[in-house]
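# Working through the structure, step by step
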Amino acid sequence: MRLLNRSAGRLSRHRRGPLAGMLVIIAGLLLTGGIFTALVNTTASADETVSSADQVAQGRQLFLVSCSFCHGQNGEGVRTEDGNQIGPPLAGVGAAAVDFQVGTGRMPMVQPGAQVPSKPESFTDEETAALAAYVASLGPGPAIPDESDYSIEGLSDSEREQAIANGGQIFLTNCTACHNFEGSGGAMPRGGYAPNLHSTSARHIYEAMLTGPQNMPNFANGNLSPEEKRDVIAYLYSLREMPSYGGFGLGGLGPVPEGLAAWLLGIGGLVGFAVWIAAHTTRTNKKKVEA
Amino acid sequence: MSTPPIDQAHDAGHDEPVDENLPARDDLFANPGLEEHHWRPTDVDPKAEKRAERQVAALFALSALCTIGLLVAYVTIDSDDTVGDLGAQNLAFGLLLAGALLGIGIGIIQWARKLMADVEMVEYRHSAASSEEDRAATVQALADGLEESGIGRRPLVRNSLLGAVGLLGLPAIVFLRDLGPTNAQVVKNPPFIGSGLEHTVWKKGMRVVRDVVGTPIKASDLQIGDLVNAEPEALFNGGEDGEPLEGVALQVAKSKGAVVVVRMQPDEITPGKGRENWTVDGIICYSKICTHVGCPISLYERTTHHLLCPCHQSTFDLADSARVVFGPAARPLPQLALEVDSEGYLTAQADFDEPVGPSYWERG
Amino acid sequence: MDTSKVANSNTTTAATAKKPSRAAAAATWADERLGLAGMAKKNLRKVFPDHWSFMLGEIALWSFVVLLLTGVFLTLWFTPSMGEVQYNGTYEQLRGIHMSEAFASTLRISFDVRGGLLMRQMHHWAAMLFVASMMVHLLRVFFTGAYRKPRELNWVIGSLLLLLGTLEGFTGYSLPDDLLSGTGIRAADGFIKASPVVGSYMSFFLFGGEFPGESIIPRLYTIHVLLIPGLLLALIAAHMLLLVYHKHTQWPGPGRTEKNVVGYPMLPVYAAKAGGFFFIVFGVTAFLGGLLSINPVWKYGPYDPSKVTAGSQPDWYMGWPDGALRIMPGIETHLWGYTISWNVMLPILVLPIAAFAFVMMLPFIDAWITGDKREHHLLERPRNAPTRTALMVALMTMYGLFWIAGGNDIIAIKLHSSINAITYFLRGAVFIGPVIAFIITRRWCISLQRKDNDTLLHGYETGIIMRSAEGGYSERHLPLPGTRAYTLTARERDPALNGGPNGHGTDANGVPAPGTGRLAGFQHRVRTLWWADNVQKPTVAELEEGHHHAEHEHELQESTDGHAADGHQFDGHHLVEDETLRGH
């Protein structure tokens, strides 16, 4: 009984804590957001053709519920009193940024911070499109790329080969420093990391280069031309399709896992063999019958 | 437990045979001698023996099969064939070769373990040292030889010989001199443009161009947060008749000339002393070569303006003259002064005002 | 000794006079020309003791043979040149790219020579195993005290082998001229430039001018395929000759003394086991080469001084100085216009050389501390030399922490932690960790010694719980079988130090008291600490008292003896053939 009381007391102490209010609000928002999502889901599928004005309006509704807490009622961004940015202003980030952030599940984020992990998306494709349309209406910014922007389907075989080789050089120059030589990701300062690109879709890779999400620098069209971006994506896709010629890739992280494998499998296995070689075989009490 | 004094003196170095049934040093128990030999089932049971024989032969046969498989795989498997997403050729070669080798290895060892005689044998040791007489004789021979040579009595001969032989070591070092020119020589007679540790190919008016493609960069094309991995234009037109640089000239130029260009809000930059005019509208340019041991760095964090080296994690603050904020590097990255030419393209105001890359003794 | 139990011959059949066999005829032919019978007589049946830990060095030997075999295969196609070519081979992603001939030929070996990729991967795996097995072998030799007189010089040779093996590995890592190897060479250039006074000169001489030049790959190639392998071969030969001359050490046990060596003869058993192990090492290397991708150079692409990849690491054996380099704070001194790069020099030039020199000197340091000038052929269990064991564990801990530092970026992403935090932690841990490891290991060893004494005095635990007539419970202890008890006590007592720092004469163990030299006081203090707190084996009196006590207990329990139900014939001290536990 006393135990119960004490734990109840501890809980209520936390309830009065400074973070509690924030948590309650977030929980409430998530809950309403979830219910709203469920409702909108049914309405959206009921009416397939949504006019662009309707889409913006729908996006604004979603925005108010799920995004405005950090990004402000009109996407103007929110700063704390001591000047820390909670959510950046969104005018001018463009539809591409929204499609990337929401489409990879990075937004809405669980807690503010420079490193935003991707997670299962919270919105359907239509909702993401509506949000993107709304944010795009706040100010001119990069649009969601079309498939023709990043596909090498239309190229001849030799052009394709050239695009892949060129993309490889651009990738190794601009991207591998953070994302590693086969896109396995890498560490950044203070606990940050450049994510693994093994299963990121072409559109999202393109959008990431275009908009520089979170801590990643931009590779906007004035920096890396659309063809060059296409080539990088073509190279990454060619790596995915390429068989692993030498056997299992050990995560594509370079010499550290290789050294680990040499010790655990190599030395471990050989010491196992040595133990077997030197072990005494079964013995018997029988005497040898001399012929 | 206190340390009891030892009751017996050591007998190492003595050559007389010791009765090993007696406690030799301070053994608490007499040495029981080798344990009685027990036979293996394969020694006493002909059936077990046959079984082991078949087992070993089967392993050798398995090895032979793998070898034949390996030869077949050599002619049948193509380098593009796959098993799942693994390359079939390497996998088949590796596993079949492993089978062939392990079959023989395990077979031989099984043979030794099960069938070869396994009675332990005893061999006696000798002290590593030679016998007293041998040693005395050797020392005597050595002394006689040295005496007869007169090397002790004739210091003039001895010392002049030592001097002459010692001097021969010098050519061995001196003749390595032409392994390469020194930094000073390279500066005096530059084999390529921008030769010498204190210089790069950058000079006033040289355009900053994108790496790999070589296109010039218009200041107005860059957005806040952009990172460009850039090179001096000379890489692409610095050769004879405006040809791109090639070979060693290219490698040397690249290894010192590579830069990173980033654009941030102009008010975020804290310009270094005398560097107030080195940026264009928030566009700032630094050497890409780490001042620690020379890895190229371009792990840029857009929001913090930090640049991280992937080799040893030195971190530089690009908004603040590339000051070292973390890691083993001791010096900031050299900054390249930027301006725009008449067409609006980024160009250098001058070469770097300090050597790029790792420190060295004369660097100062 | 009791020779009736020792076989002088190892055959299973009686030796009978036979007609000279074909082998004998061949041997006669050879001996008439080479006269080797005198030497072969001694060595063909040379005895080698059998223990798994004695085969660790063999792994190194055999992986070196694998390296020679696969290496020769690779040289048939590899072009050690930095001349620039445009790639037009099979690998599409790099077609049209300019690269060095070295890299182009590496791609050719990987994609156009059937089995070339396998040989490259086997060569790389074997190199990793070569250095790793040398280190494991070194640890075994150290922990068992096998480096003591007369084997100090073989320890020195072994240390040199480890050093050369590491350098050989580094030069090999650099040859393909891919992005990773080029980054490694560039870092090495930075290390060289950090040497005081001569840094930039050495760099310019090595690279034939300014980095990267066009000479480094051919030069490293000569070093990699000629110079170092030659030295390795010579030193390995010396290492083996000394091994044969000294005869192998052995564990103490019944019939095993400082004066003999007990084991299997070179021919046939040892030759078969060693030969078979060669095929196993070769096979395991082939297995790794076939199954696990290593250094996929085609993905790194050719070296380009403006490119770099996340996770730029050396191979594991260079990982620890690289780790030291990563956690070193950035300290540089500028004096009268000259620069001293402590941040590079200390971790990468001074630390490895100092560590190597220390390891090489260990046998001499040990001999100086203990004053022990005797020959040792019986091994010591690690627990019976607590300070020595703890010293190596402390070194291993330091090595391990530097190693972790060398992989701090991979650890950061895999464990979702911050590189900065890992680095700050390791800056302290590399100093504190070894001290903690030293203390724990030492106390642990001493506890194990105590446990051994317990077993000797009070018998081993049978796991059988006895209930007395009064209803009390106790576990039954039985005295150790004679051979076990002998083995456990076949170790020396540590000498008592009764000579003071300035005393004269010898201590009770015949070890001369330290002289009056400048270091005598220090030596005495270290010597005292070296053996401090060690537990000695029981004295005869203690043993007798213990046995008396045990016999008394035994009487109380003898009613159960001889019953199969007590089960202790399955305790590992008895032969179990023809005995059943469950009646099958």
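Residues numbered from 1 in each chain as written. Chains lettered and ligands numbered in written order. Predicted model: local features only at pLDDT ≥ 70, side-chain atom pairs only at ≥ 80, totals over all residues. Heavy atoms only, no water.

## What about the domain arrangement of chain A?
Residues and elements named next belong to chain A. So the rule is basically this: Segmentation into domains, and thus their bounds, comes from an automatic or database assignment. Contacts are residue-level and defined by heavy atoms, with any inter-residue pair within 4.5 Å sufficient. Reported buried area values correspond to the accessible surface (1.4 Å probe) lost by two parts on association, with both partners' losses combined. The working definition used for a salt bridge is a side-chain nitrogen of Lys or Arg within 4 Å of a carboxyl oxygen of Asp or Glu.
In terms of domain boundaries, chain A breaks down into domain 1 (50-78 + 87-141) and domain 2 (145-245). Placing a centre on the C-alpha atoms of domain 1 and another on those of domain 2 gives a separation of 24 Å. Every contact between the two is made by 14 residues of domain 1 and, on the other side, 12 residues of domain 2. Summed over both partners, the interface of domain 1 with domain 2 buries about 1,000 Å², with 55% contributed by carbon and sulfur atoms. For domain 1, the biggest contributors to the area lost against domain 2 are Asp99, Phe100 and Gln115; these three give 47% of the whole. On inspection of domain 1 and its partner domain 2, the count reaches 1 salt bridge.

## Here's the deal with unusual backbone geometry
Operational definition: Under the scheme used here, helices are H or I runs from DSSP no shorter than 4 residues and strands are E runs no shorter than 2 residues, and both carry numbers assigned from the N terminus.
For the bond running from Met107 of chain A to Pro108 of chain A, omega is -5 degrees, close enough to zero to count as cis. Along the chain, Pro108 of chain A falls in the loop between helix H5 (94-103) and helix H6 (125-136). Note that the residue after Leu267 of chain C, namely Pro268 of chain C, is joined by a cis bond; omega there is 5 degrees. Residue position: Pro268 of chain C is located in helix H10 (residues 266-291). Unusually for a residue other than glycine, Arg190 of chain A sits at a positive phi of about 50 degrees.

## Things to note about the side chain of Ser159 of chain C
Residues and elements named next belong to chain C. Condition: Under the scheme applied here, a residue whose accessible area is under 20% of the maximum for its type counts as buried, over 50% as exposed, and between as partly exposed, the area being computed with a 1.4 Å probe on protein chains only. Two N or O atoms form a polar contact when they lie within 3.5 Å of each other; inside protein one atom must be a possible hydrogen donor and the other a possible acceptor, and for residues adjacent in sequence the pair counts only when both atoms belong to side chains.
Mapped onto the elements, Ser159 comes out in helix H6 (residues 152-174). Note on Ser159: relative accessible area 3%, which makes it buried. Within the structure, the side chain of Ser159 is placed 2.8 Å from the backbone oxygen of Trp155, a separation counted as a polar contact. Sequence-distant contacts of Ser159, defined by excluding residues within four places in its chain, comprise Phe356, Val359 and Met360.

## So, a negative patch on the surface
Definition in use: Like charges within 9 Å and nonpolar side chains (Val, Leu, Ile, Met, Phe, Trp, Tyr) within 5 Å are joined into patches, using only residues over 30% in relative accessible area that form no salt bridge. Here the Shrake-Rupley method, with its probe set to 1.4 Å, supplies the accessible areas, and only the displayed protein chains count as covering residues. This count recognises Lys and Arg as positive and Asp and Glu as negative, with His and chain-terminal groups excluded. To locate a charge, take atom NZ for lysine, CZ for arginine, CG for aspartate or CD for glutamate.
There is a patch of like negative charges on the surface, built from Asp157 of chain A, Asp78, Asp80 and Asp81 of chain B together with Glu92 of chain C. Position of Asp80 of chain B among the secondary structure elements: in the loop between helix H2 (46-76) and strand E1 (82-83). The exposure class of Asp80 of chain B is exposed, given its relative accessible area of 53%.

## Quick word on the interface of chain B and chain C
Note: interface size is frequently given as the accessible area lost on complex formation between the parts. For clarity, the cut-off: The nonpolar class holds Ala, Val, Leu, Ile, Met, Phe, Trp, Tyr, Cys and Pro. Asp, Glu, Lys and Arg form the charged class, and all remaining residues, Gly among them, are polar.
Taken together, the contact pairs 105 residues of chain B with 139 residues of chain C. When the two sides are added together, the surface that chain B and chain C hide from each other amounts to roughly 10,800 Å², 62% of it contributed by carbon and sulfur. A per-residue breakdown of the area chain B buries against chain C is headed by Met121, Arg125 and Trp361 of chain B, which together make up 9% of the total. Linking chain B with chain C are 4 salt bridges. The residue Glu210 of chain C makes a salt bridge to Lys256 of chain B at a minimum N-O spacing of 2.3 Å. Counting every contact that joins chain B to chain C gives 38 residue pairs in polar contact (both at pLDDT 80 or more). For the side of chain B that touches chain C, the elements supplying multiple residues, two or more each, are H2, helix H3 (88-114), strand E3 (121-124), helix H6 (183-188) and helix H8 (247-257) of chain B. Ranked by the residues each element gives to the side of chain B that touches chain C, the list is headed by H3 of chain B, at 17 residues. When its residues are assigned to classes, the side of chain B that touches chain C shows 55 nonpolar, 29 polar and 21 charged.

## Focus: the state of the cysteines
Residues and elements named next belong to chain B. Here is the rule: In this description, a disulfide is simply a cysteine sulfur pair whose atoms lie within 2.5 Å.
With the rule as written, the count across this model stands at 1 disulfide over all chains. Two residues, Cys295 and Cys311, share a disulfide whose sulfurs are 2.1 Å apart. Taking the sign of the S-S torsion, -100 degrees for the link of Cys295 and Cys311, the bridge is left-handed. On the criterion of sequence distance, the pair formed by Cys295 in the loop between strand E7 (283-287) and strand E8 (299-301) and Cys311 in the loop between strand E9 (306-308) and strand E10 (315-317) is long-range, its members being 16 residues apart. Unpaired in this structure, Cys285 has its nearest cysteine sulfur neighbour in Cys290, at a distance of 16 Å.

## A short note on the sheet that holds E7 of chain B
Residues and elements named next belong to chain B. Test applied: Here, strands pair whenever DSSP counts at least two bridges between them.
The strand order E4-E5-E6-E7-E12 describes an open sheet built from 5 strands, whose pairing is antiparallel. Where the open sheet ends on each side, the last strands, each with one partner, are strand E4 (208-210) and strand E12 (335-336). Looking at chain direction, E7 and E12 are connected through 2 bridges and run antiparallel. Residue pairing in the sheet places Cys285 in a bridge with Leu336 of E12.

## What about the sheet that holds E9 of chain B?
Residue and element names in this part refer to chain B. Condition: The axes are straight lines fitted to the C-alpha atoms, using for helices just the contacting stretch, and the angles between their N-to-C directions are given from 0 to 180°.
Taking strand neighbours across the sheet as the criterion, the 4 strands line up as E8-E9-E10-E11 in an open arrangement whose pairing is antiparallel. Both edges of this open sheet fall to E8 and strand E11 (323-326), since each of them pairs with a single strand only. In this sheet, adjacent strand axes meet at a mean angle of 30 degrees when their direction is disregarded.

## Quick look at the packing of aromatic side chains
What counts, and what does not: Between the rings of Phe, Tyr and Trp (Trp by its six-membered ring), a pair exists once the centres lie within 6.5 Å; its type follows the angle of the planes, with under 30 degrees stacked, over 60 edge-to-face, and the other angles tilted. Note on geometry: a ring has a charge over it if NZ (lysine) or CZ (arginine) is within 6 Å of the ring centre and within 35 degrees of the ring normal.
Applying the stated criterion to the full structure yields 32 aromatic pairs over all chains. Seen in terms of ring centroids, Trp361 of chain B and Tyr338 of chain C are 5.1 Å apart; in terms of plane orientation they differ by 20 degrees. Their pairing is stacked. Taken together, the residues Trp361 of chain B in the segment after strand E14 (346-348) and Tyr338 of chain C in strand E6 (residues 338-340) connect one chain to another. In this structure Tyr338 of chain C comes out as partly exposed when scored by relative accessible area, which is 39%. Note on Phe142 of chain C and Trp155 of chain C: the rings are 5.9 Å apart at their centroids and 50 degrees apart in plane angle, and the pair reads as tilted. Here Phe142 of chain C is found in helix H5 (residues 116-143), whereas its partner Trp155 of chain C is found in helix H6, with 13 residues between them in sequence. The burial state of Phe142 of chain C is the same as that of Trp155 of chain C; both residues are buried. Ring pairs connect the aromatic residues Trp263 of chain A together with Trp316, Tyr317, Trp320, Tyr399, Phe402 and Trp403 of chain C, which therefore count as one cluster. Across the ring face of Tyr206 of chain A, the terminal group of Lys229 of chain A is positioned such that the distance to the ring centre comes to 5.9 Å. The cationic tip of Arg240 of chain A hangs over the ring face of Tyr237 of chain A; the distance from NZ or CZ to the ring centre is 4.4 Å.

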